[in-house]
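Secondary and tertiary structure notes
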Amino acid sequence: MSEERKEHDEQRESRLSDAYHRMLNEVTEDLEKLEDKTSKAITEALENARDRVQKASDLTREEAHEVMDYLRRDLQDLGAYLDNRSSDWRGWLQIDLGLIEASIKNALERIADRTRIEITELTARAQVMGEWHTGEITGPGELLCKQCGHPVHMTKVGRIPPCSNCHNTTFRRGPGGTEAE
């Protein structure tokens, strides 16, 4: 890969990671203002956040939509985790909370504490869930390789790398075990 292409890819990853972070904060702020947090309201909050972040940044409409889909997937998975396993969202991350940016930690706390039922509703509407791919942007947490079960620890919002053990490109969230599916 040429240096120019590598630099372009790094700049794009940085833009998408920043947009994910900003969208998470926007959605959190929007949801805190609402009394009735239905799945429709969550969807609208995601779409409004996408539009605001896209207008305030150098993202294309397609990139903003891509980031919104990544954030929706992560929120759906968090909702499913809270609904099925625990009322404590911290187990979903499976990483040292000290390594997480304070603003992301605060946003996740506010969403998990105030919108557990609503996220669960959104989860029920998910078409594809439980699969993350190399190259996608995701928030902090542990992902497990679907081929060998090796963990990938995401300590901040960023692009998912290939498995360092087997180079597979498909993952699932970590809580609940370390074996491959």
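Residues numbered from 1 in each chain as written. Predicted model: local features only at pLDDT ≥ 70, side-chain atom pairs only at ≥ 80, totals over all residues. Heavy atoms only, no water.

Here we take up the overall build of the protein chain. What the protein chain contains, in helices and strands, is six helices and six strands. Long-range pairs, those at least 24 residues apart, make up 65% of the contacts in the protein chain between residues at least 6 apart in sequence. (Helix = DSSP H or I, 4+ residues; strand = E, 2+ residues; numbered from the N terminus. Contact = heavy atoms within 4.5 Å.)

Strand order across the open sheet formed by four strands is β1-β6-β3-β4, with antiparallel pairing between neighbours. Whereas interior strands pair on both sides, the edge strands pair on one side only; in this sheet they are β1 (132-133) and β4 (151-154). In the sheet, β1 pairs with strand β6 (residues 170-173) via two bridges, with the strands oriented antiparallel. Paired with W132 across the strands is F171, a residue of β6. (Pairing = 2+ DSSP bridges.)

On to the side chain of E63. Within the element layout of this structure, E63 appears in helix α3 (residues 61-84). Note on E63: relative accessible area 7%, which makes it buried. Setting aside residues no more than four positions away along its own chain, E63 makes contact with R12, R15, L16 and D58. (Buried < 20%, exposed > 50% of the residue type's maximum accessible area, 1.4 Å probe, protein only.)

What follows is about the nonpolar core. With 21 residues, the main nonpolar core has Y20, M23, V27, L46 and L71 as its most contacted residues. Of all elements in the fold, only α1 (3-33), α2 (39-55) and α3 reach the threshold of two or more residues within this core. Residues C145, V152, I160 and C163 belong to the second largest nonpolar core, which totals eight residues. (Core = buried A, V, L, I, M, F, W, Y, C linked by side-chain atoms within 4.5 Å.)

Our focus in this paragraph is the pairing of strand β3 (residues 141-145). Across the five residues that make up β3, a large majority, five, are buried. On β3, burial covers both faces: G141, L143 and C145 on one face and E142 and L144 on the other are all buried. Between β3 and β4, which pair antiparallel in sequence order, lie five residues; one of them, G149, sits at a positive phi of approximately 85°. In terms of strand pairing, β3 meets β6 through three bridges, oriented antiparallel. Bridge pairing links L143 to R173 in β6.

This brings us to the environment of R22. The topology assignment puts R22 in helix α1. The partly exposed category is assigned to R22, whose relative accessible area is 34%. For R22 and R50, which are 28 residues apart along the polypeptide, the C-alpha to C-alpha distance reads 9.2 Å. With residues up to four places along the chain from it excluded, the contact list for R22 reads V53 and S57.

Next up on the list: a negative patch on the surface. A surface patch of negative charge is lined by E3, E4, E7 and E10. Within the element layout of this structure, E4 appears in helix α1. (Patch = residues over 30% accessible without salt bridge, like charges linked within 9 Å, V, L, I, M, F, W, Y side chains within 5 Å. Areas by Shrake-Rupley, 256 points an atom, 1.4 Å probe, with all protein chains shown as cover. Salt bridge = Lys/Arg side-chain N within 4 Å of Asp/Glu carboxyl O. Lys, Arg positive; Asp, Glu negative; His and termini not counted. Charge placed at Lys NZ, Arg CZ, Asp CG, Glu CD.)

Quick look at the confidence of the model for the protein chain now. For the protein chain, per-residue confidence averages 76 on the pLDDT scale, and residues scoring 70 or more make up 65% of the total. Within the model, the stretch residues 124-128 combines pLDDT values under 50 with four contacts to residues more than four positions away or in other chains. Here residues 176-181 scores under 50 on pLDDT; set against residues more than four positions off or in separate chains, the count is 15 contacts. (pLDDT = per-residue confidence, 0-100.)

The next point concerns the pairing of β4. What you see with β4 is a clean split: V152 and M154 sit on the buried side and P151 and H153 on the side with no burial. Relative to β4, β3 runs antiparallel, the two sharing four bridges. Counted as the bridge partner of G141 is M154 from β4.

Turning to the pattern of salt bridges, a few remarks are in order. Counting across every chain of the model gives 15 salt bridges. Among the salt bridges present, the one from R173 reaches D74, with a minimum N-O distance of 3.7 Å. Of this pair, R173 sits in strand β6 while D74 sits in helix α3, placing them 99 residues apart in sequence. Both residues of the pair, R173 and D74, belong to the buried class. Ionic contacts of the salt-bridge type, sharing partners, join the residues R12, R15, D58, E63 and E66 into one network.

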